[in-house]
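So the chains spell out like this:
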Amino acid sequence: MDIAVFFTGFSLGLSLILAIGAQNAFVLKQGLNAITSLLCVQFVRYLTPL
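The structure displayed is predicted, hence computed values, not measured ones. (Residues numbered from 1 in each chain as written. Predicted model: local features only at pLDDT ≥ 70, side-chain atom pairs only at ≥ 80, totals over all residues. Heavy atoms only, no water.)

1. Description of the overall build of the chain
- Within the chain, the regular secondary structure consists of three helices and zero strands.
- Along the chain, from the amino end to the carboxyl end, the secondary structure elements read α-α-α.
- Residues counted as buried form 6% of the 50 residues belonging to the chain. (Helix = DSSP H or I, 4+ residues; strand = E, 2+ residues; numbered from the N terminus. Buried < 20%, exposed > 50% of the residue type's maximum accessible area, 1.4 Å probe, protein only.)

What follows is the structure in structure tokens.
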């Protein structure tokens, strides 16, 4: 594997993760853990104005 290809993919993946943001990452993690999505979204929505 070419090292330039590796670093290009790594930097692209890292930039996508950083662009998601902390709240959206939390919601995605809870969704993957099969936590009720609606409850999680309402919780994050409640905390957003703070």
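2. Section: the packing of aromatic side chains
- Tallying each qualifying case throughout the model produces two aromatic pairs.
- Their ring planes at 70° and their centres at 5.3 Å tell us that Phe-6 and Phe-7 sit as a pair that is edge-to-face.
- Of the residues examined, Phe-6 reaches a relative accessible area of 39% and is grouped as partly exposed.
- Site record: aromatic cluster; members linked through ring pairs are Phe-6, Phe-7 and Phe-10. (Phe/Tyr/Trp six-rings, centres within 6.5 Å; stacked < 30°, edge-to-face > 60°.)

Limitation: the analysis is restricted to geometry and does not speak to function.
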